[in-house]
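Chain by chain, the residues run as shown.
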Amino acid sequence: MIAYASPAFAIAFIMNPVWSILPGIYAKYFGLELAAIAAVILVARLFDGVTDPIIGYLSDGHAAAGGSRKTWVVVGGALFVTAAWFLYVPPRDVTSYYFLVAFLGFFLAYTIMKVPYDAWGAELATDYNQRAKIFSFTTACMFLGQIAFYTMPLLPFFSSREFTPETLRLSVYISAGVVFVVVLWSRFFAPEGRVIAEKKKRPKVREVFKAIAKNKPFMIFLAAYLFAGISFG
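Cut-off values and rules
Residues numbered from 1 in each chain as written. Predicted model: local features only at pLDDT ≥ 70, side-chain atom pairs only at ≥ 80, totals over all residues. Heavy atoms only, no water. Helix = DSSP H or I, 4+ residues; strand = E, 2+ residues; numbered from the N terminus. Rg over C-alpha atoms; globule rule 2.2 N^0.38 Å. Buried < 20%, exposed > 50% of the residue type's maximum accessible area, 1.4 Å probe, protein only. Contact = heavy atoms within 4.5 Å. Lys, Arg positive; Asp, Glu negative; His and termini not counted. Charge placed at Lys NZ, Arg CZ, Asp CG, Glu CD. Salt bridge = Lys/Arg side-chain N within 4 Å of Asp/Glu carboxyl O. Phe/Tyr/Trp six-rings, centres within 6.5 Å; stacked < 30°, edge-to-face > 60°. Patch = residues over 30% accessible without salt bridge, like charges linked within 9 Å, V, L, I, M, F, W, Y side chains within 5 Å. Areas by Shrake-Rupley, 256 points an atom, 1.4 Å probe, with all protein chains shown as cover. Expected span 1.5 Å × (residues − 1). Core = buried A, V, L, I, M, F, W, Y, C linked by side-chain atoms within 4.5 Å.

### Comments concerning the overall build of the protein
- When helices and strands are tallied, the protein shows ten helices and zero strands.
- Each helix and strand of the protein, ordered N terminal to C terminal, gives the series α-α-α-α-α-α-α-α-α-α.
- At 19 Å, the protein has a C-alpha radius of gyration in line with the 17 Å of a compact globule built from 233 residues.
- Each principal axis of the C-alpha atoms in the protein carries an extent, and together these give about 60 × 40 × 30 Å.
- Each of the 233 residues in the protein was classed as buried or not, and the buried ones make up 37%.
- By sequence separation, contacts in the protein at least 24 residues apart represent 77% of the contacts at least 6 residues apart.
- Both charge centroids of the protein, one from 21 positive and one from 13 negative side chains, sit 8 Å from each other.

### Here we look at the side chain of asparagine 16
- Tracing the chain through its elements places asparagine 16 in helix H2 (residues 7–20).
- Beyond its immediate sequence surroundings of up to four residues, asparagine 16 is in contact with Gln146, Phe149 and Tyr150.

### Description of the pattern of salt bridges
- Per the counting criterion, the structure on display carries five salt bridges.
- Of the charged contacts, one joins glutamate 162 and lysine 28 as a salt bridge, the two residues approaching to 3.1 Å between their closest N and O atoms. Taken together, the positions of glutamate 162 in the loop between helix H7 (128–150) and helix H8 (165–189) and lysine 28 in helix H3 (residues 22–30) put the pair 134 residues apart, joining distant regions of the chain.
- Glutamate 162 gets classed as partly exposed once you look at its relative accessible area, which sits at 42%.
- Between aspartate 60 and arginine 69 there is a salt bridge whose closest N-O contact spans 2.9 Å.
- The exposure class of arginine 69 is buried, given its relative accessible area of 4%.
- Through salt bridges with shared partners, one network takes in Asp60, Arg69 and Glu123.

### Here we look at the packing of aromatic side chains
- Summed over all chains, the structure comprises 22 aromatic pairs.
- Residues tyrosine 4 and tryptophan 120 carry aromatic rings whose centres are separated by 5.1 Å and whose planes lie at 85° to one another, so their mutual orientation is edge-to-face. Taken together, the residues span a long stretch of sequence, with tyrosine 4 in helix H1 (residues 2–5) and tryptophan 120 in helix H6 (residues 96–122) at a distance of 116 residues.
- You can call tyrosine 4 buried: its relative accessible area is 1%.
- For tryptophan 120, a relative accessible area of 1% corresponds to the buried category.
- Each ring, one from phenylalanine 157 and one from phenylalanine 158, has its centre 5.1 Å from the other, and the planes form 50°; the classification is tilted.

### Overview of a nonpolar patch on the surface
- A grouping of Met1, Ile2, Phe137, Trp185, Phe188 and Phe189 is seen on the molecular surface, where their side chains present a nonpolar patch of about 630 Å² in accessible area.
- By residue number, the principal contributor to the nonpolar patch is H8, which donates three residues.
- Relative to the helices and strands, tryptophan 185 resides in helix H8.

### Focus: the environment of alanine 213
- Of note, alanine 213 is situated in helix H9 (residues 205–214).
- Along the sequence, alanine 213 and serine 231 sit 18 residues apart, while their C-alpha atoms lie 24 Å from each other.

### Quick notes on helix H4 (residues 34–64)
- Look at H4: 44 Å from first C-alpha to last across 31 residues, which is about the 45 Å you get at 1.5 Å a residue.
- Here H4 has its buried residues at Ile37, Val40, Ile41, Ala44, Asp48, Thr51, Ile55, Gly56, Ser59 and Ala63.
- Buried-residue contacts for H4 involve H2, H3, helix H5 (69–88) and H6.
- Within two residues after H4, glycine 66 carries a phi angle of roughly 100°, on the positive side.

### Quick notes on the environment of phenylalanine 99
- Structurally, the position occupied by phenylalanine 99 is in helix H6.
- Here phenylalanine 99 falls in the buried class, since its relative accessible area comes to 1%.
- Distance from phenylalanine 99 to phenylalanine 86, taken between C-alpha atoms, is 9.0 Å for residues 13 residues apart in sequence.
- Ignoring any residue separated from it by four or fewer positions in sequence, one finds phenylalanine 99 in contact with Leu22, Tyr26, Leu32, Ile37, Val40 and Leu87.

### Examining the nonpolar core
- Grouped together as the largest cluster of nonpolar side chains are 53 residues, with contacts concentrated most on Ile14, Tyr26, Leu87, Tyr88, Phe99, Phe103 and Phe106.
- Put simply, the parts of the chain that give this core at least two residues each are H1, H2, H3, H4, H5, H6, H7 and H8.
- For this core, the element with the most residues is H6, which contributes ten residues.

Structure (structure tokens):
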């Protein structure tokens with residue numbers, strides 16, 4: 001259980017600055033306008049909405065053919081750290097276009113790792129209580145990753161307690177080592193999980209949207225999520 005949950009620590013450690021720290025760093029230290037930063041984030045979120053189901057579809061097909069979700073997590077983890085370097089350690093003359101490309105690459109790498117990782121966790125147990133334990137451990141690892149990142153400016157060799165480009169640079173170095181350790185640990189010691197074979201033909205895309213439109217609780221959830229996203233932005 002811990003072997004599976006441990007990559008969540010690294011994911012949260014790398015992902016958390018994207019929303020809480022990165023926009024301010026690019027605005028304060030690299031001179032990008034907030035409107036440009038917000039536009040990039042909007043494009044990236046729309047891009048993420050397209051790539052998530054694509055990666056999920058490809059991962060499902062790979063698993064159904066006898067492949068392992070672990071392969072996606074390992075490859076995605078390597079891409080995730082690489083993309084984080086370009087996003088968190090930009091050149092001094094960074095432009096909005098650089099930020100856009102780096103941001104899109106980062107989210108694509110995140111999707112390649114995270115979507116199969118979540119599916120893998122759901123396949124580790126069929127009992128709901130056991131699944132709750134698995135994802136409780138995973139959530140705890142995510143919070144520990146967030147706490148670890150926020151304590152970075154408190155390290156004694158930093159001259160300031162603020163988040164700076166130097167803080168982000170060090171975070172990439174640390175995350176590279178952490179990802180290497182936890183992903184390999186998860187790869188070799190976490191169980192594979194059991195892929196549940198589909199019992200019926202996959203519905204068409206049009207049928208999926210019709211089902212969503214008729215699902216009142218889900219529509220309420222979407223509305224709440226929409227307003228939460230607007231307030232967060």
